[in-house]
2 protein chains.
Amino acid sequence: MPLEIERKFLLGDFEPPDTAVRLRIEQGYIAIKDDGTEVRLRRIGGSRVLGVKRKASSVGAPVRIEVERELDEQEFTELWPATEGARLVKDRYTFEASGVTVHADVYRGGLAGLRTVEVEFGSEEEAAAFSAPEWFGAEVTGVKAYGNQTLATRGLPGS
Amino acid sequence: MPLEIERKFLLGDFEPPDTAVRLRIEQGYIAIKDDGTEVRLRRIGGSRVLGVKRKASSVGAPVRIEVERELDEQEFTELWPATEGARLVKDRYTFEASGVTVHADVYRGGLAGLRTVEVEFGSEEEAAAFSAPEWFGAEVTGVKAYGNQTLATRGLPGS
């Protein structure tokens, strides 16, 4: 069952380590619903993915259900116009640090200047027990202004 | 390229021919957007499908782009709650009549009493040239009140 439990932090200046894998991510939302459901198109490296996420009613925990399917280039291109006004581009650096796998996102385009870091966990207990290393900035887990949906549709917080 | 060109008509009383294939269809909409884009879950016979449809900007013609992917039972069940308030159930009878393949839909539940028939075409020319047989009722192609999206969210026209 693909449950996704993650915590997200702001990131100041940072130099990706040599071991970091860099992937360009372009994503756009076909739908963002009030109940938290989202339907997303994502091009990441050479793959194109249609994804649906739904918030599960778990006890206060940031648990989400996610279903993803690969698209071919033509399908992606045909559906992409449905994401107009709800897109973002970022470079994602994935590497091991402080004993966990981190995804550091450097935003591009209208969101240039923003950097965040995400850590995914296998359980809510693990997520709660995680102690952020010094080089992480303020935690923004669950902060709407820094959610990808809001960034894609509203731009930088305070802009 | 999966383009879908169809015409839709109301249907009075009708007796499905012995050759008709009957499938129960349950469908729910995860999203219905103002631009006509829809994200749909559909259980048809033994298969479960996630579909995204988008209206293409063709010249006045009812042409739609459609991408579909199979889901397994667990994925379908996990996403289904996202369709609350936007669902319908119908029995679809598919058979050959008047030289074309027709889908006669007999609606169930809150939409009981409604029957429609759809014909799909390979081209816009073919769609335009089609002459409806006598047993078809009024044409409702493009009539919003009889669109599946509206039926699923608003119920029977005039109700």
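Above this text sits the structure in question.
Residues numbered from 1 in each chain as written. Chains lettered and ligands numbered in written order. Predicted model: local features only at pLDDT ≥ 70, side-chain atom pairs only at ≥ 80, totals over all residues. Heavy atoms only, no water.

### Examining the pairing of strand β6 (residues 87-97) of chain B
All names here are of chain B.
Turning to step 1, where the next piece is worked out: Taken together, the 8 bridges between strand β2 (residues 21-32) and β6 define a ladder with antiparallel strand orientation. Paired with L23 across the bridge in β6 is R92.
Turning to step 2, where the next piece is worked out: Note that β6 and strand β7 (residues 100-107) share 8 bridges and pair antiparallel. Among the inter-strand pairings, E96 is bridged to a residue of β7, identified as T101. (Pairing = 2+ DSSP bridges. Helix = DSSP H or I, 4+ residues; strand = E, 2+ residues; numbered from the N terminus.)

### Side note on the pairing of strand β4 (residues 47-55) of chain B
Residue and element names in this part refer to chain B.
Turning to step 1, where the next piece is worked out: Here β4 lies mainly inside the structure; 8 of its 9 residues are buried.
Turning to step 2, where the next piece is worked out: The pairing of strand β3 (residues 38-44) with β4 spans 7 bridges and is classified as antiparallel. Along β4, the bridge assignment pairs I44 with S47.
Turning to step 3, where the next piece is worked out: Hairpin remark: β3 followed by β4, antiparallel, with 2 residues in the connecting loop; positive phi at G45, about 60°. (Buried < 20%, exposed > 50% of the residue type's maximum accessible area, 1.4 Å probe, protein only.)

### Comments concerning the relation of the copies chain A and chain B
Turning to step 1, where the next piece is worked out: You can overlay chain A on chain B at an RMSD of 0.0 Å; the transform is a turn of 180° with a shift of 0.0 Å along its axis. Those values place the two copies in the arrangement expected of a two-fold rotation axis. No C-alpha of chain A approaches the rotation axis more nearly than that of A31 of chain A, which lies at 3.2 Å.
Turning to step 2, where the next piece is worked out: Comparing contact sets, 100% of the residues at the interface of chain A also lie at the interface in chain B, consistent with an isologous, same-surface contact. (Least-squares fit on C-alpha atoms with pLDDT ≥ 70 in both. Contact = heavy atoms within 4.5 Å.)

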